[in-house]
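Read off the chains here:
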Amino acid sequence: MAGSTYDRRRTWRIDDVLDRTDLSVLLDELATSTNRTGSGRRWHCPLPDHDDHRASVTMYRDRRGHERWRCWSGGHRGDAVDLVMTVMGRERADAVDWLAGRAGMTPDAPLPAVRKKRTPRQATPAIVMDPAVANYVDACRRVIATRGGRQVREWLRGRGLTDETITANRIGADPGRSLMRRQRGLPFGAGTAATFPIFDPNGNLAYVQSRYLDADAAGRKYDNPAASLAPNPRLGFAVSTVELRDAPLLLCEGMPDALTAAQAGFQSVGLLGAHAPDEAVAARLANHLDGMGTGHGIVLVTDPDPAGRRVAETLGPLLTGLGHEPAVVTPPDDLDLNEWSRSDPDWSERLHDQIKGLDPAGRGSEELQPER
Ligand SMILES: [Zn+2]
(Lines give C-alpha, C1' and ligand atoms only; values in the text may rest on other atoms or scores of the structure.)
Protein backbone atom coordinates (compact mmCIF):
# COMPACT_ATOMS: atom_id res chain seq x y z
CA MET A 1 0.00 0.00 0.00
CA ALA A 2 2.94 2.35 -0.61
CA GLY A 3 3.39 4.89 -3.33
CA SER A 4 1.43 7.81 -4.69
CA THR A 5 -2.30 8.27 -4.37
CA TYR A 6 -2.53 7.43 -8.04
CA ASP A 7 -0.93 4.05 -7.40
CA ARG A 8 -3.05 3.39 -4.36
CA ARG A 9 -6.31 3.87 -6.11
CA ARG A 10 -5.36 1.13 -8.50
CA THR A 11 -5.10 -1.34 -5.65
CA TRP A 12 -8.83 -1.68 -5.08
CA ARG A 13 -10.13 -5.11 -5.80
CA ILE A 14 -13.25 -4.77 -7.95
CA ASP A 15 -15.01 -7.37 -5.80
CA ASP A 16 -14.34 -5.32 -2.66
CA VAL A 17 -15.83 -2.25 -4.33
CA LEU A 18 -18.86 -4.06 -5.74
CA ASP A 19 -19.52 -5.73 -2.38
CA ARG A 20 -19.83 -2.24 -0.87
CA THR A 21 -22.00 -0.80 -3.61
CA ASP A 22 -25.76 -1.11 -3.59
CA LEU A 23 -26.60 -1.10 -7.28
CA SER A 24 -30.26 -0.19 -6.72
CA VAL A 25 -29.19 2.93 -4.81
CA LEU A 26 -26.64 3.75 -7.50
CA LEU A 27 -29.27 3.32 -10.22
CA ASP A 28 -31.54 5.66 -8.27
CA GLU A 29 -28.73 8.22 -8.27
CA LEU A 30 -27.61 7.84 -11.86
CA ALA A 31 -30.71 6.66 -13.73
CA THR A 32 -34.38 7.53 -13.53
CA SER A 33 -36.49 5.09 -11.64
CA THR A 34 -40.13 4.51 -12.33
CA ASN A 35 -42.92 3.52 -10.07
CA ARG A 36 -42.89 -0.05 -11.24
CA THR A 37 -43.15 -2.37 -8.29
CA GLY A 38 -44.40 -5.83 -7.57
CA SER A 39 -42.33 -7.79 -10.02
CA GLY A 40 -39.27 -5.70 -9.19
CA ARG A 41 -38.12 -2.17 -9.72
CA ARG A 42 -37.31 -0.63 -13.08
CA TRP A 43 -35.22 2.25 -14.28
CA HIS A 44 -34.93 4.06 -17.56
CA CYS A 45 -31.82 3.20 -19.55
CA PRO A 46 -28.87 5.23 -18.21
CA LEU A 47 -27.30 5.55 -21.67
CA PRO A 48 -27.70 9.17 -22.77
CA ASP A 49 -28.43 8.18 -26.37
CA HIS A 50 -31.04 5.56 -25.49
CA ASP A 51 -34.38 7.25 -24.88
CA ASP A 52 -36.41 4.24 -23.77
CA HIS A 53 -40.05 5.20 -23.40
CA ARG A 54 -40.77 2.23 -21.22
CA ALA A 55 -38.35 1.87 -18.35
CA SER A 56 -36.33 -1.08 -19.59
CA VAL A 57 -33.63 -1.60 -16.97
CA THR A 58 -33.93 -4.26 -14.30
CA MET A 59 -31.45 -5.68 -11.82
CA TYR A 60 -30.35 -9.21 -11.26
CA ARG A 61 -27.54 -11.14 -9.61
CA ASP A 62 -25.06 -13.08 -11.68
CA ARG A 63 -23.77 -16.52 -10.74
CA ARG A 64 -21.03 -14.99 -8.61
CA GLY A 65 -23.61 -13.05 -6.64
CA HIS A 66 -22.75 -9.70 -8.19
CA GLU A 67 -25.49 -7.25 -8.85
CA ARG A 68 -25.87 -6.34 -12.50
CA TRP A 69 -28.26 -4.21 -14.51
CA ARG A 70 -29.61 -4.89 -17.95
CA CYS A 71 -31.50 -2.73 -20.42
CA TRP A 72 -33.93 -5.09 -22.07
CA SER A 73 -34.88 -2.86 -24.98
CA GLY A 74 -31.38 -1.79 -25.99
CA GLY A 75 -29.23 -4.70 -24.87
CA HIS A 76 -27.10 -2.47 -22.64
CA ARG A 77 -25.82 -4.06 -19.48
CA GLY A 78 -23.15 -4.12 -16.87
CA ASP A 79 -22.27 -3.81 -13.22
CA ALA A 80 -21.90 -0.75 -11.03
CA VAL A 81 -18.53 0.12 -12.59
CA ASP A 82 -20.01 0.03 -16.10
CA LEU A 83 -22.87 2.23 -14.91
CA VAL A 84 -20.49 4.88 -13.58
CA MET A 85 -18.38 4.73 -16.76
CA THR A 86 -21.50 5.06 -18.91
CA VAL A 87 -23.23 7.85 -17.06
CA MET A 88 -20.26 9.85 -15.80
CA GLY A 89 -17.95 9.25 -18.73
CA ARG A 90 -15.12 8.02 -16.49
CA GLU A 91 -12.36 5.62 -17.39
CA ARG A 92 -12.61 2.22 -15.75
CA ALA A 93 -9.96 2.79 -13.05
CA ASP A 94 -11.41 6.20 -12.35
CA ALA A 95 -14.91 4.73 -12.02
CA VAL A 96 -13.67 2.08 -9.58
CA ASP A 97 -11.94 4.76 -7.55
CA TRP A 98 -15.05 6.93 -7.50
CA LEU A 99 -17.15 4.01 -6.31
CA ALA A 100 -14.56 3.13 -3.66
CA GLY A 101 -14.64 6.67 -2.31
CA ARG A 102 -18.44 6.63 -2.36
CA ALA A 103 -18.37 3.38 -0.33
CA GLY A 104 -16.14 4.98 2.31
CA MET A 105 -13.04 3.07 1.23
CA THR A 106 -9.82 4.98 1.79
CA PRO A 107 -6.26 3.86 1.09
CA ASP A 108 -4.29 2.66 4.12
CA ALA A 109 -7.46 2.21 6.16
CA PRO A 110 -9.31 -0.98 6.94
CA LEU A 111 -12.11 -1.74 4.53
CA PRO A 112 -15.52 -0.65 5.79
CA ALA A 113 -17.89 -3.44 6.66
CA VAL A 114 -20.04 -4.89 3.89
CA ARG A 115 -23.62 -3.89 4.53
CA LYS A 116 -26.27 -6.39 3.68
CA LYS A 117 -27.99 -5.21 0.53
CA ARG A 118 -31.70 -4.95 0.33
CA THR A 119 -32.85 -6.53 -2.86
CA PRO A 120 -35.16 -4.34 -4.91
CA ARG A 121 -38.06 -6.69 -4.40
CA GLN A 122 -37.99 -6.04 -0.69
CA ALA A 123 -38.91 -2.36 -1.01
CA THR A 124 -41.46 -1.78 1.72
CA PRO A 125 -44.83 -0.72 0.40
CA ALA A 126 -46.43 2.27 2.08
CA ILE A 127 -49.35 1.62 4.39
CA VAL A 128 -50.74 5.13 4.15
CA MET A 129 -50.44 7.63 1.35
CA ASP A 130 -47.39 9.87 1.36
CA PRO A 131 -48.29 13.61 1.44
CA ALA A 132 -46.32 14.00 -1.80
CA VAL A 133 -49.20 12.31 -3.63
CA ALA A 134 -51.73 14.86 -2.36
CA ASN A 135 -49.34 17.66 -3.28
CA TYR A 136 -49.04 16.25 -6.80
CA VAL A 137 -52.84 16.03 -7.10
CA ASP A 138 -53.17 19.65 -6.00
CA ALA A 139 -50.43 20.86 -8.32
CA CYS A 140 -52.11 19.17 -11.28
CA ARG A 141 -55.50 20.53 -10.23
CA ARG A 142 -54.03 24.03 -10.34
CA VAL A 143 -52.53 23.42 -13.78
CA ILE A 144 -55.81 22.29 -15.32
CA ALA A 145 -57.33 25.68 -14.53
CA THR A 146 -54.60 27.47 -16.47
CA ARG A 147 -53.81 27.76 -20.16
CA GLY A 148 -51.29 24.96 -19.65
CA GLY A 149 -54.15 22.64 -18.77
CA ARG A 150 -56.28 23.41 -21.78
CA GLN A 151 -55.25 20.35 -23.75
CA VAL A 152 -56.22 18.06 -20.87
CA ARG A 153 -59.48 19.92 -20.28
CA GLU A 154 -60.43 19.49 -23.91
CA TRP A 155 -59.43 15.83 -23.86
CA LEU A 156 -61.70 15.28 -20.84
CA ARG A 157 -64.57 17.21 -22.43
CA GLY A 158 -64.07 15.15 -25.58
CA ARG A 159 -64.82 12.15 -23.39
CA GLY A 160 -68.00 13.80 -22.21
CA LEU A 161 -66.83 14.68 -18.72
CA THR A 162 -68.36 17.92 -17.48
CA ASP A 163 -66.55 20.71 -15.68
CA GLU A 164 -68.61 19.84 -12.58
CA THR A 165 -67.33 16.26 -12.64
CA ILE A 166 -63.78 17.46 -13.26
CA THR A 167 -63.94 19.87 -10.31
CA ALA A 168 -65.71 17.52 -7.89
CA ASN A 169 -63.27 14.72 -8.60
CA ARG A 170 -60.27 17.09 -8.44
CA ILE A 171 -59.12 15.93 -11.86
CA GLY A 172 -55.97 17.69 -12.96
CA ALA A 173 -53.40 18.13 -15.69
CA ASP A 174 -49.81 16.90 -15.49
CA PRO A 175 -47.87 18.88 -18.10
CA GLY A 176 -45.00 16.37 -18.05
CA ARG A 177 -41.75 16.22 -16.15
CA SER A 178 -40.05 18.83 -18.34
CA LEU A 179 -42.54 21.42 -17.09
CA MET A 180 -43.38 20.03 -13.65
CA ARG A 181 -40.61 18.67 -11.48
CA ARG A 182 -41.59 15.92 -9.12
CA GLN A 183 -39.98 13.66 -6.59
CA ARG A 184 -39.10 10.08 -7.37
CA GLY A 185 -41.99 7.68 -7.06
CA LEU A 186 -44.67 10.02 -8.33
CA PRO A 187 -46.11 9.39 -11.80
CA PHE A 188 -43.16 9.74 -14.14
CA GLY A 189 -44.53 12.48 -16.38
CA ALA A 190 -43.43 11.06 -19.75
CA GLY A 191 -45.88 13.44 -21.41
CA THR A 192 -49.04 15.44 -20.87
CA ALA A 193 -51.47 13.48 -18.73
CA ALA A 194 -54.86 13.81 -17.13
CA THR A 195 -54.63 13.04 -13.41
CA PHE A 196 -57.48 11.09 -11.82
CA PRO A 197 -57.42 11.28 -8.01
CA ILE A 198 -58.66 8.08 -6.42
CA PHE A 199 -61.00 8.38 -3.45
CA ASP A 200 -61.86 5.80 -0.84
CA PRO A 201 -65.53 5.10 0.02
CA ASN A 202 -65.49 8.02 2.47
CA GLY A 203 -64.27 10.45 -0.15
CA ASN A 204 -60.72 10.63 1.17
CA LEU A 205 -57.94 10.93 -1.36
CA ALA A 206 -56.08 7.61 -1.43
CA TYR A 207 -54.16 7.48 -4.70
CA VAL A 208 -53.83 9.00 -8.14
CA GLN A 209 -53.63 7.69 -11.68
CA SER A 210 -52.11 9.67 -14.52
CA ARG A 211 -53.54 8.92 -17.95
CA TYR A 212 -51.26 9.99 -20.79
CA LEU A 213 -53.12 11.76 -23.57
CA ASP A 214 -50.70 10.27 -26.11
CA ALA A 215 -50.20 6.74 -24.82
CA ASP A 216 -48.09 5.75 -27.84
CA ALA A 217 -45.60 8.56 -27.31
CA ALA A 218 -45.47 7.96 -23.55
CA GLY A 219 -45.04 4.23 -24.05
CA ARG A 220 -47.88 3.45 -21.69
CA LYS A 221 -51.40 4.56 -20.90
CA TYR A 222 -51.33 4.98 -17.13
CA ASP A 223 -48.74 5.87 -14.51
CA ASN A 224 -49.26 5.34 -10.80
CA PRO A 225 -47.34 6.36 -7.68
CA ALA A 226 -44.72 3.92 -6.43
CA ALA A 227 -45.88 1.44 -3.83
CA SER A 228 -43.50 3.14 -1.40
CA LEU A 229 -45.62 6.31 -1.63
CA ALA A 230 -49.12 4.87 -1.66
CA PRO A 231 -50.68 1.42 -1.71
CA ASN A 232 -52.76 0.81 -4.83
CA PRO A 233 -56.35 0.66 -3.54
CA ARG A 234 -57.51 -1.14 -6.72
CA LEU A 235 -60.89 0.62 -6.34
CA GLY A 236 -61.71 4.28 -6.90
CA PHE A 237 -65.04 5.73 -5.77
CA ALA A 238 -66.27 8.34 -8.26
CA VAL A 239 -67.88 11.53 -6.96
CA SER A 240 -71.24 12.32 -8.51
CA THR A 241 -72.50 15.90 -8.75
CA VAL A 242 -76.04 15.01 -9.85
CA GLU A 243 -78.98 13.45 -8.08
CA LEU A 244 -78.31 9.77 -7.55
CA ARG A 245 -80.53 7.18 -9.17
CA ASP A 246 -82.20 4.39 -7.32
CA ALA A 247 -79.92 1.80 -8.83
CA PRO A 248 -77.32 -0.73 -7.77
CA LEU A 249 -73.67 0.17 -7.38
CA LEU A 250 -71.89 -0.02 -10.72
CA LEU A 251 -68.39 -1.44 -10.89
CA CYS A 252 -66.69 -0.08 -14.02
CA GLU A 253 -63.37 -0.89 -15.65
CA GLY A 254 -61.24 2.16 -14.94
CA MET A 255 -61.94 5.66 -13.69
CA PRO A 256 -63.08 7.25 -16.97
CA ASP A 257 -65.97 4.77 -17.16
CA ALA A 258 -66.75 5.16 -13.46
CA LEU A 259 -66.82 8.95 -13.81
CA THR A 260 -69.07 8.64 -16.85
CA ALA A 261 -71.49 6.56 -14.80
CA ALA A 262 -71.30 8.89 -11.79
CA GLN A 263 -72.08 11.83 -14.01
CA ALA A 264 -75.27 10.05 -15.09
CA GLY A 265 -76.36 9.58 -11.47
CA PHE A 266 -75.12 6.07 -10.85
CA GLN A 267 -73.12 5.30 -7.73
CA SER A 268 -70.02 3.91 -9.28
CA VAL A 269 -66.61 2.58 -8.48
CA GLY A 270 -63.71 2.14 -10.88
CA LEU A 271 -61.55 -0.96 -10.92
CA LEU A 272 -57.94 0.12 -11.34
CA GLY A 273 -55.25 -1.74 -13.19
CA ALA A 274 -55.08 -4.64 -15.53
CA HIS A 275 -54.75 -7.36 -12.89
CA ALA A 276 -57.77 -9.52 -12.33
CA PRO A 277 -59.58 -8.55 -9.13
CA ASP A 278 -58.78 -10.75 -6.14
CA GLU A 279 -60.25 -11.64 -2.76
CA ALA A 280 -59.15 -8.34 -1.24
CA VAL A 281 -60.98 -6.35 -3.91
CA ALA A 282 -64.10 -8.47 -3.48
CA ALA A 283 -63.98 -8.11 0.30
CA ARG A 284 -63.72 -4.33 0.12
CA LEU A 285 -66.63 -4.16 -2.31
CA ALA A 286 -68.70 -6.45 -0.09
CA ASN A 287 -67.93 -4.30 2.96
CA HIS A 288 -69.01 -1.23 1.09
CA LEU A 289 -72.23 -2.90 -0.08
CA ASP A 290 -72.95 -4.05 3.49
CA GLY A 291 -72.61 -0.45 4.58
CA MET A 292 -75.01 0.73 1.89
CA GLY A 293 -77.85 -1.17 3.49
CA THR A 294 -79.77 -4.30 2.74
CA GLY A 295 -80.71 -5.09 -0.78
CA HIS A 296 -78.21 -2.84 -2.43
CA GLY A 297 -77.03 -4.78 -5.43
CA ILE A 298 -73.95 -4.48 -7.56
CA VAL A 299 -73.64 -4.60 -11.32
CA LEU A 300 -70.36 -5.30 -13.08
CA VAL A 301 -70.16 -3.15 -16.20
CA THR A 302 -67.53 -4.99 -18.18
CA ASP A 303 -65.93 -4.25 -21.52
CA PRO A 304 -66.76 -6.67 -24.33
CA ASP A 305 -63.26 -8.16 -24.41
CA PRO A 306 -61.30 -10.95 -22.68
CA ALA A 307 -60.19 -8.63 -19.86
CA GLY A 308 -63.80 -7.69 -19.20
CA ARG A 309 -64.87 -11.31 -19.16
CA ARG A 310 -62.03 -12.08 -16.74
CA VAL A 311 -63.30 -9.38 -14.38
CA ALA A 312 -66.76 -10.93 -14.43
CA GLU A 313 -65.45 -14.48 -14.12
CA THR A 314 -63.18 -13.75 -11.15
CA LEU A 315 -65.16 -11.13 -9.27
CA GLY A 316 -68.55 -12.75 -9.82
CA PRO A 317 -67.87 -15.92 -7.79
CA LEU A 318 -65.88 -14.02 -5.14
CA LEU A 319 -68.69 -11.52 -4.53
CA THR A 320 -71.28 -14.28 -4.61
CA GLY A 321 -69.31 -16.09 -1.92
CA LEU A 322 -69.53 -12.95 0.18
CA GLY A 323 -73.29 -12.70 -0.23
CA HIS A 324 -73.39 -10.14 -3.04
CA GLU A 325 -74.08 -11.93 -6.28
CA PRO A 326 -73.53 -9.36 -9.01
CA ALA A 327 -75.34 -8.88 -12.27
CA VAL A 328 -73.16 -8.32 -15.34
CA VAL A 329 -73.81 -5.76 -18.05
CA THR A 330 -71.80 -5.25 -21.21
CA PRO A 331 -72.31 -2.13 -23.32
CA PRO A 332 -73.60 -2.78 -26.85
CA ASP A 333 -71.68 -2.72 -30.12
CA ASP A 334 -68.27 -3.57 -28.66
CA LEU A 335 -68.14 -0.23 -26.88
CA ASP A 336 -66.85 0.55 -23.43
CA LEU A 337 -69.11 2.57 -21.17
CA ASN A 338 -67.55 5.91 -22.03
CA GLU A 339 -67.75 5.25 -25.77
CA TRP A 340 -71.34 4.13 -25.39
CA SER A 341 -72.18 7.35 -23.54
CA ARG A 342 -70.78 9.39 -26.41
CA SER A 343 -72.47 7.44 -29.17
CA ASP A 344 -75.97 7.21 -27.70
CA PRO A 345 -77.68 10.19 -26.01
CA ASP A 346 -80.11 7.80 -24.27
CA TRP A 347 -77.42 5.44 -23.01
CA SER A 348 -78.01 6.10 -19.31
CA GLU A 349 -81.76 5.40 -19.52
CA ARG A 350 -81.08 2.28 -21.54
CA LEU A 351 -78.52 1.14 -18.99
CA HIS A 352 -80.88 1.85 -16.12
CA ASP A 353 -83.69 -0.06 -17.86
CA GLN A 354 -81.34 -2.94 -18.56
CA ILE A 355 -80.27 -3.07 -14.91
CA LYS A 356 -83.87 -2.99 -13.73
CA GLY A 357 -84.65 -5.94 -15.96
CA LEU A 358 -81.82 -7.97 -14.48
CA ASP A 359 -82.04 -10.28 -11.55
CA PRO A 360 -78.97 -9.46 -9.50
CA ALA A 361 -78.13 -11.20 -6.28
CA GLY A 362 -80.79 -13.80 -6.94
CA ARG A 363 -83.44 -11.23 -6.09
CA GLY A 364 -86.05 -9.60 -8.26
CA SER A 365 -84.99 -6.13 -9.19
CA GLU A 366 -88.16 -4.82 -7.56
CA GLU A 367 -86.66 -5.82 -4.25
CA LEU A 368 -83.86 -3.33 -4.58
CA GLN A 369 -84.26 -0.86 -1.79
CA PRO A 370 -84.78 2.80 -2.59
CA GLU A 371 -82.27 5.36 -1.31
CA ARG A 372 -83.02 6.74 2.12
ZN1 LIG B 1 -30.58 0.97 -23.15
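Residues numbered from 1 in each chain as written. Predicted model: local features only at pLDDT ≥ 70, side-chain atom pairs only at ≥ 80, totals over all residues. Heavy atoms only, no water.

1. Topic: the pattern of salt bridges
Argument step 1. For the structure on display, the rule yields 16 salt bridges.
Argument step 2. The shortest N-O distance in the salt bridge between aspartate 174 and arginine 182 comes to 2.7 Å.
Argument step 3. One salt bridge in this structure joins aspartate 344 and arginine 350, with 2.6 Å as the shortest N-O distance.
Argument step 4. Judged by its relative accessible area of 12%, aspartate 344 is buried.
Argument step 5. What makes arginine 350 partly exposed here is its relative accessible area of 46%. (Salt bridge = Lys/Arg side-chain N within 4 Å of Asp/Glu carboxyl O. Buried < 20%, exposed > 50% of the residue type's maximum accessible area, 1.4 Å probe, protein only.)

2. Looking at the coordination of the zinc ion
Argument step 1. Protein ligation of the zinc ion involves Cys45 (SG), His50 (ND1), Cys71 (SG) and His76 (ND1), the donor distances falling in the range 2.0 to 2.3 Å.
Argument step 2. Every donor counted, the four donor atoms about the zinc ion form angles of 101 to 117 degrees at the centre, which fits tetrahedral coordination.
Argument step 3. Donor residues for the zinc ion sit on one chain with the sequence pattern C-x4-H-x20-C-x4-H. In this pair, cysteine 45 is assigned in the loop between α3 (23-30) and β1 (57-61) and cysteine 71 in strand β2 (residues 67-71), connecting sequence segments 26 residues apart. (Donors = N, O, S within 2.8 Å, 3.2 Å for Na, K, Ca; no water. Tetrahedral: all angles 85-135°; square planar, octahedral: opposite > 155°, others 65-115°. Helix = DSSP H or I, 4+ residues; strand = E, 2+ residues; numbered from the N terminus.)

3. Some details on the packing of α3 against helix α4 (residues 80-88)
Argument step 1. Interhelical geometry of α3 versus α4 gives an angle of 5 degrees and a closest axis separation of 11 Å. Here α3 is positioned roughly parallel relative to α4, judged by the angle of their axes. Here α3 contributes Leu23, Leu26, Leu27 and Leu30 to the contact with α4, which in turn contributes Ala80, Leu83, Val84, Val87 and Met88.
Argument step 2. Of the residues in the contact of α3 with α4, the class split is nine nonpolar, no polar and no charged. (Axes fitted to C-alpha atoms, helices over the stretch in contact; angles between N-to-C directions. Parallel < 35°, antiparallel > 145°, perpendicular 65-115°, else oblique. Contact = heavy atoms within 4.5 Å. Nonpolar A, V, L, I, M, F, W, Y, C, P; charged D, E, K, R; others polar.)

4. Some words on unusual backbone geometry
Argument step 1. Positive phi values are uncommon outside glycine, yet arginine 170 reaches one of about 50 degrees.
Argument step 2. Take arginine 170: it is sitting in the loop between α8 (163-168) and β4 (172-174).
Argument step 3. Unusually for a residue other than glycine, aspartate 334 sits at a positive phi of about 60 degrees.
Argument step 4. One can find aspartate 334 in the loop between β12 (327-329) and α13 (337-343).

5. Comments concerning the pairing of strand β10 (residues 268-271)
Argument step 1. Here β10 shows two buried faces, one formed by Ser268 and Gly270 and the other by Val269 and Leu271.
Argument step 2. Judged from the three bridges that link them, strand β8 (residues 235-237) and β10 form a sheet pairing that is antiparallel. Its bridge partner lying in β10, glycine 236 is registered against glycine 270.
Argument step 3. Pairing between strand β9 (residues 249-253) and β10: four bridges, direction parallel. Each bridged residue has a counterpart across the sheet, and for cysteine 252 the counterpart in β10 is glycine 270. (Pairing = 2+ DSSP bridges.)

6. Some points on the packing of aromatic side chains
Argument step 1. Throughout the structure, instances matching the rule amount to two aromatic pairs.
Argument step 2. An angle of 45 degrees between the planes, with centres 6.5 Å apart, marks the rings of phenylalanine 266 and tryptophan 347 as tilted. Remark: tryptophan 347 occurs in helix α14 (residues 347-356) and phenylalanine 266 occurs in the loop between α10 (255-263) and β10; sequence separation between them is 81 residues.
Argument step 3. Judged by relative accessible area, phenylalanine 266 falls into the buried class, the value being 0%.
Argument step 4. An aromatic cluster is present here, built from Phe266, Trp340 and Trp347 joined pairwise through their rings.
Argument step 5. Note that arginine 177 overlies the ring of phenylalanine 188, its terminal NZ or CZ placed 4.3 Å from the centroid. (Phe/Tyr/Trp six-rings, centres within 6.5 Å; stacked < 30°, edge-to-face > 60°. Lys NZ or Arg CZ within 6 Å of the ring centre and 35° of its normal.)

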